[in-house]
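Reading the structure
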Amino acid sequence: MSDSIFTPGTDVFTPRGRGEVIDVRATPSGKFVFGVEDADGEVAYFTEKAVRLAQS
């Protein structure tokens, strides 16, 4: 896995807003995508470049 700190339960910001990482998956090309659930319960997948840590 990448040297990422985006593990399930991590609060993050995405292009769609704030959410929580709920899933981490590898793509066939060997990259990782992160499933992020927003406050409405919608899940979207983002690459590591599109996700940043939320600061409390």
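Residues numbered from 1 in each chain as written. Predicted model: local features only at pLDDT ≥ 70, side-chain atom pairs only at ≥ 80, totals over all residues. Heavy atoms only, no water.

1. Observations regarding the sheet that holds strand β5 (residues 52–53)
Pairing within the open sheet is antiparallel, and its 5 strands lie in the order β4-β3-β2-β1-β5. This sheet does not close on itself; its edge strands, each paired only once, are β4 (43–47) and β5. Judged from the 5 bridges that link them, strand β3 (residues 32–38) and β4 form a sheet pairing that is antiparallel. Bridged to F34 within β4 is F46. (Pairing = 2+ DSSP bridges. Helix = DSSP H or I, 4+ residues; strand = E, 2+ residues; numbered from the N terminus.)

2. Regarding the side chain of T14
On the secondary structure map, T14 appears in strand β1 (residues 11–14). The exposure class of T14 is buried, given its relative accessible area of 12%. Beyond its immediate chain neighbours, meaning those up to four positions away, T14 contacts V36, F46, A50 and V51. (Buried < 20%, exposed > 50% of the residue type's maximum accessible area, 1.4 Å probe, protein only. Contact = heavy atoms within 4.5 Å.)

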